[in-house]
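# Secondary and tertiary structure notes
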Amino acid sequence: MSGRSTRAVHAGLPAPQDGEPFLPGPTFAAPYHLSGDASPRGYGRYENPTWTRWQEALAALEGGPALGFASGMAASTAVLQAFGGPVVLPNDTYGVVAKAASLTGADARFAPSDPAALLGAAAAGARVVWIETPTNPSLTVIDIEAFAREVHALGALLVVDGTLATPLSQQALSLGADVSVVSDSKAMTGHSDLVLGHVACRSEEHAAAIRSWRDATGAIPGPFEAWLAHRSLATLGVRLERQCANALAVARAVEARGLPVLYPGLPAHPGHAAAARQMGGLFGPVVSFTLESAGDADRFLAGCSLVAEATSFGGLHSSAERRARWGIEPVAEGFIRLSAGIEDADDLVADVLGALDAL
Ligand SMILES: *Cc1c(COP(=O)(O)O)cnc(C)c1O
């Protein structure tokens, strides 16, 4: 098997053919010509060749069949509804996933974000255990391989939301997860211009259940977005290498100022050993640190010139926000979530330190 960047560059491309492009353009179709018998290739909610190529590319990175969705939340909802509950989730999971788990009637049960507490909650008959690693925005890391064994011993399914890591860095399925859920609105596509998501499964049977949910609910990606996502996948390796190196440089600089900083790539992070085992040396683009107050956090953001104030993460432009402004996760008022882009590390670090110095 070739290296991960090689796979990302070539995944899902058709065999070379003279006069044809490397990646054929998007196919736009509601109905297709279809005579005679019924076929999925008759209507655009069931099948589209642009999705098929993107999904094959995702499957090559994930190591299991993949399905594209209109957003990361559509992908998450597909998993919550197709498998049902009870579902156990950590209380620091991405806030909107927590909300969807409650809305979908999946009998959501929340537990503290550590393996023992989650397994304790799951022992009461959970069908699904849902984790996120590292979590957005608290950057809690769970050892997927060890945790999967325990979840399976309880007879439950393990779902891993690996949005922050991406499957280039962390292969949840080969580490033992049954299902991998990823928001492709973040580093997977990386240009801050798409909202998409996907689900990948270890078994064909689970993938068929997810596909059937998508067919029936219509939470499908648009072909143009799917095509852009496939095109962006080729640069995932180089983008992530630069973003993770920049994130580590920022984390070290903020740590050297004596501020409380979270980054799985720092040896002092409680999840560093597990992250080092399962993230292939790419610890993610997100660094979180806590300033004194909401006022300090707002002044810090206003004081940055390179780092844009924006929500989301994983894009090639550095960005940051005061996360508590949304009020959906248990973080301090002065908590900053910063996402490192692909700028030069020295410029980025100077921007962040300059804004900190001005406080
Ligand atoms: C953004 C995000 C989602 C939701 O994805 P959308 O594409 O915004 O719908 C789910 N999980 C995590 C960890 C995320 O960061």
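Note that the structure is a prediction, hence the values are computed from the model and not measured.

Secondary structure assignment for the chain yields twelve helices and twelve strands. The C-alpha radius of gyration computed for the chain amounts to 20 Å, which stays within 12% of the reference 21 Å derived for 359 residues, consistent with globular compactness. The principal-axis extents of the C-alpha atoms in the chain amount to approximately 70 × 55 × 35 Å. Burial analysis of the chain (359 residues in total) assigns 55% to the buried set. Taking the intrachain contacts of the chain between residues at least 6 apart in sequence as the baseline, contacts between residues at least 24 apart amount to 67%. Accessible surface for the chain amounts to roughly 14,400 Å². Of this, 55% is attributable to carbon and sulfur atoms.

Before going further, it helps to spend a moment on the domain arrangement of the chain. Structurally, the chain comprises domain 1 (4-233) and domain 2 (236-357). Averaged C-alpha coordinates put domain 1 and domain 2 at centres separated by 25 Å. Each partner contributes residues to the interface: domain 1 has 38 residues there, and domain 2 has 35 residues. Across the interface of domain 1 and domain 2, roughly 2,700 Å² is buried in total on both sides, 60% from carbon and sulfur atoms. Considering only the surface of domain 1 that becomes buried against domain 2, Pro137, Leu139 and Val141 emerge as the three largest contributors, covering 22% of it. For the pair domain 1 and domain 2, the interface holds one salt bridge. As a salt-bridge pair, Arg277 and Asp143 come within 2.7 Å of each other at their nearest N and O atoms. Our enumeration of links across domain 1 and domain 2 arrives at 15 residue pairs in polar contact (both at pLDDT 80 or more). Contributions of two or more residues to the side of domain 1 that touches domain 2 are made by helix H1 (4-10), helix H4 (95-103), helix H6 (144-153) and helix H8 (223-233).

In total, this model carries four aromatic pairs according to the counting rule given. A centroid spacing of 6.3 Å and a plane angle of 65 degrees characterise the contact between Tyr43 and Tyr46, whose relative ring orientation is edge-to-face. Against the face of Tyr32 rests Arg41, its NZ or CZ located 4.8 Å from the ring centre. It is Arg45 that lies over the ring of Tyr46; its NZ or CZ is 5.0 Å from the centre.

It is worth spelling out the packing of helix H2 (residues 49-62) against H8 at this point. With their axes 9 Å apart at the nearest point, H2 and H8 run at an angle of 35 degrees to one another. Considering how the two elements wind past one another, H2 and H8 form a crossing that is left-handed. Between H2, through Thr50, Trp51, Arg53, Trp54, Ala57 and Leu61, and H8, the contact on the second element is made entirely by Pro223, Ala226, Trp227, Ala229, His230 and Leu233. Tallied by class, the residues present in the contact of H2 with H8 amount to nine nonpolar, two polar and one charged.

Sheet architecture is open: seven strands sit in the order S1-S7-S6-S5-S4-S2-S3, paired in mixed fashion. Strand pairing shows two members of the sheet lacking a second neighbour, strand S1 (66-69) and strand S3 (108-111), which therefore form its edges. Direction aside, neighbouring strands of the sheet carry axes that sit 20 degrees apart on average. With four bridges joining them, S1 and strand S7 (residues 197-201) adopt antiparallel strand pairing. Bridge pairing links Phe69 to Gly197 in S7. Of the strands in this sheet, S1, strand S2 (87-90), strand S4 (128-132), strand S5 (157-161), strand S6 (179-183) and S7 are in contact with helix H3 (residues 72-83), which crosses S6 at around 155 degrees. H6 contacts S4 and S5 of the sheet and is inclined by roughly 150 degrees relative to S5.

We now examine the site of the ligand. Taken together, 14 residues sit near the ligand, with Gly72, Asp161, Ser183, Ser185 and Lys186 positioned nearest. In isolation the ligand has 370 Å² of accessible area, and contact with the protein removes 91% of it. A breakdown of the residues in the shell around the ligand according to their chemical character gives five nonpolar, six polar and three charged.

Criteria and thresholds
Residues numbered from 1 in each chain as written. Predicted model: local features only at pLDDT ≥ 70, side-chain atom pairs only at ≥ 80, totals over all residues. Heavy atoms only, no water. Helix = DSSP H or I, 4+ residues; strand = E, 2+ residues; numbered from the N terminus. Rg over C-alpha atoms; globule rule 2.2 N^0.38 Å. Buried < 20%, exposed > 50% of the residue type's maximum accessible area, 1.4 Å probe, protein only. Contact = heavy atoms within 4.5 Å. Areas by Shrake-Rupley, 256 points an atom, 1.4 Å probe, with all protein chains shown as cover. Domains from an automatic or database assignment. Buried area = accessible area lost by both parts, 1.4 Å probe. Salt bridge = Lys/Arg side-chain N within 4 Å of Asp/Glu carboxyl O. Polar contact = N/O pair within 3.5 Å; in protein donor to acceptor, adjacent residues only side chain to side chain. Phe/Tyr/Trp six-rings, centres within 6.5 Å; stacked < 30°, edge-to-face > 60°. Lys NZ or Arg CZ within 6 Å of the ring centre and 35° of its normal. Axes fitted to C-alpha atoms, helices over the stretch in contact; angles between N-to-C directions. Left-handed = near helix turned anticlockwise from the far one by under 90°. Nonpolar A, V, L, I, M, F, W, Y, C, P; charged D, E, K, R; others polar. Pairing = 2+ DSSP bridges. Near = heavy atom within 4 Å.

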